[in-house]
Amino acid sequence: MNTGHNNRIVLVATQERIPPINKALGQQGFLVKTFDFRNNLIYRKRFFKSLIRKITGGGLIKNLVRKKINNDLLKLVTNFRPRYLIATVAENINPQTLKKINYDLGKNQDPVF
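Keep in mind the model is a prediction, meaning the values are calculated, not measured. (Residues numbered from 1 in each chain as written. Predicted model: local features only at pLDDT ≥ 70, side-chain atom pairs only at ≥ 80, totals over all residues. Heavy atoms only, no water.)

A look at the nonpolar core
Heads up, the condition is: Put simply, a nonpolar core is a bunch of buried Ala, Val, Leu, Ile, Met, Phe, Trp, Tyr and Cys residues held in one set by side-chain atoms that sit within 4.5 Å of each other. Note on exposure labels: buried denotes an accessible area under 20% of the residue type's maximum, exposed denotes more than 50%, and partly exposed covers the range between, all computed with a 1.4 Å probe on protein chains only. Helical segments are the DSSP runs of H or I of at least four residues, strand segments are the runs of E of at least two, and each set is numbered from the N terminus. Contacts were defined at the residue level, with two residues in contact if any of their heavy atoms lie within 4.5 Å.
Grouped together as the largest cluster of nonpolar side chains are 16 residues, with contacts concentrated most on Val-10, Phe-35, Phe-37, Leu-73 and Ile-93. Of all the elements in the fold, those that place two or more residues in this core are strand 1 (8-12), helix 4 (59-80) and helix 5 (95-104). When residues in this core are grouped by element, the largest group, seven residues, is from helix 4. With residues near it in sequence (within four places) discarded, Leu-73 still touches Val-10, Val-12, Phe-35, Leu-85, Ile-93, Thr-97 and Ile-101.

Structure, rendered in structure tokens:
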């Protein structure tokens, strides 16, 4: 059985992928925190997505949403202190965010993609 911070994993995945992965990792003794960046108002509601595209062309809002997603992930990692981060989807996670996570966790090496 894993103990301490060595058994902690942050899983970046969509809602449909979370249960089977979480179950498999849990059976191996890992404590898993999930992060689904698509679980916000902009992603969940097609109406909002189309309205924002029409009003702003999507660029400004998209950048603000990406910034919030990356900040939220950094907060989760800072508070939870996982040993590993597994991402099944990451199109809105910046490489700079992954490097900061990697550095902050004390690995001091480039993340493996």
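Considerations on the sheet that holds strand 2 (residues 31-35)
Strands in a sheet are paired, the pairing made by backbone hydrogen bonds, and the direction either parallel or antiparallel. Defined as follows: The criterion for strand pairing is that DSSP finds at least two bridges linking the strands in question. The convention used is that axes are lines fitted to C-alpha atoms, helices contributing only their stretch in contact, and that angles between N-to-C directions extend from 0 to 180 degrees.
As summarised here, the arrangement of the three strands in space is 2-1-3, forming an open sheet in which the pairing is parallel. Whereas interior strands pair on both sides, the edge strands pair on one side only; in this sheet they are strand 2 and strand 3 (84-87). On average, each strand axis in the sheet is inclined to that of its neighbour by 20 degrees, with strand direction left out of account. Examined bridge by bridge, strand 1 and strand 2 share five bridges and lie parallel to one another. From the neighbouring strand, Arg-8 faces strand 2, where its bridge partner is Leu-31.

Examining helix 5
The condition is simple: The directions from the helix axis to the C-beta atoms form the arc being described.
By the burial criterion, the buried members of helix 5 are Thr-97, Leu-98, Ile-101 and Asn-102. Angular distribution of buried residues about the axis of helix 5 spans 135 degrees; they occupy a single face of the element. Set apart from the buried face of helix 5 by more than 90 degrees, the exposed residues are Gln-96 and Tyr-103.

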